[in-house]
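Chain residues, written in single-letter form:
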Amino acid sequence: MLKIDPSALSEKENYKFLIGSIIPRPIAFVTTASKSGVLNGAPFSFFNVVSHNPPMISLSIQRSAGIHKDTARNIIETKEFVVHVVDEQNVEKINKTAASLPPDESEIELAGLTPVESTKISVPGVKEAKIRMECLLEQAIELGGTDTPGCDLIIGKVVQFHIEEDIYDNGRINPKGLAAVSRLAGNDYAKIGEVFEIKRPK
């Protein structure tokens, strides 16, 4: 096998190894609101579950030259955000929100997504997602970088689930009905493929 020291690589080279190796990655579409009330939306594939008791999720939001992205800044300032699961039906629109817009312009409007009121927080979600989770900021941790942080690790506590009835099955989510998509590398995405079962040892 090849032996590669990440400290000898560029930031871009390490990025390519990570996103090419850690696949598939679930995609969170995150809505936040700026202090001036602009509804921001962006997709993130450095995303996962942290805890079920209480329910918490994580987002790692990379910085550019040490500067916060709109999503991270909004979450840190307002302490609220909504996480949506990206699926086969909404991925085309969600992809449009990855465009770099000024903070006073809304990616939601650009992508033609439909804002929908949240139950327990002030930040709206979008109607086009089959699952959305209203979150409160639990913790924001600055990580990485040499002179300035390279990313913001956001831990959010889920305070409200919204689940489309068609994919809800006796307390469980129907994975085929959800049809979540995952991120690979470059411009590549993946659908849920063949599902197989392996029983865990007792």
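Because the structure is a prediction, the values reported are computed rather than measured.

Parameters at a glance
Residues numbered from 1 in each chain as written. Predicted model: local features only at pLDDT ≥ 70, side-chain atom pairs only at ≥ 80, totals over all residues. Heavy atoms only, no water. Pairing = 2+ DSSP bridges. Helix = DSSP H or I, 4+ residues; strand = E, 2+ residues; numbered from the N terminus. Core = buried A, V, L, I, M, F, W, Y, C linked by side-chain atoms within 4.5 Å. Buried < 20%, exposed > 50% of the residue type's maximum accessible area, 1.4 Å probe, protein only. Contact = heavy atoms within 4.5 Å. Axes fitted to C-alpha atoms, helices over the stretch in contact; angles between N-to-C directions.

Colleague: How would you explain the sheet that holds strand 14 (residues 189–191) if you had to name every residue and give the values?
Modeller: Pairing is antiparallel across the open sheet formed by 3 strands, whose spatial order is 1-13-14. Each of the sheet's edge strands pairs with one partner strand only, and the pair in question is strand 1 (25–26) and strand 14. As defined by bridge partners, strand 1 adjoins strand 13 (residues 181–183) across 2 bridges and the pair is classed as antiparallel. Within strand 13, the residue paired with Arg25 across the bridge is Arg183.

Colleague: So what's going on with the nonpolar core? Residues and values would help.
Modeller: Counting 22 residues, the largest nonpolar core has Val30, Ile57, Leu59, Ile75, Phe81 and Val83 as the members making the most contacts within it. Contributing elements (two or more residues each) for this core: strand 2 (28–33), strand 3 (39–44), strand 5 (55–62), helix 2 (70–78), strand 6 (80–85), strand 9 (131–143) and strand 10 (151–163). Of all the elements, strand 9 adds the most residues to this core, at 4 residues. Apart from the residues lying within four places of it in its own chain, the contact partners of Ile75 are Val30, Thr32, Leu59, Ile61, Glu80, Phe81, Leu137 and Ile154.

Colleague: I'd love a proper account of the sheet that holds strand 3, names of residues and values included.
Modeller: In spatial order, the strands read 3-2-6-9-10-5-4; together these 7 strands make up an open sheet with antiparallel pairing. Taken across any chain shown, the strands that pair with only one partner, and hence form the sheet edges, are strand 3 and strand 4 (47–52). Here the average twist between neighbouring strands, direction ignored, is 35 degrees. Where strand 9 and strand 10 come together, 12 bridges link them in antiparallel fashion. By the bridge assignment, Leu137 is partnered in strand 10 with Gly156. Running over the sheet, helix 2 touches strand 2, strand 3, strand 5, strand 6, strand 9 and strand 10 and is turned about 55 degrees from strand 2.

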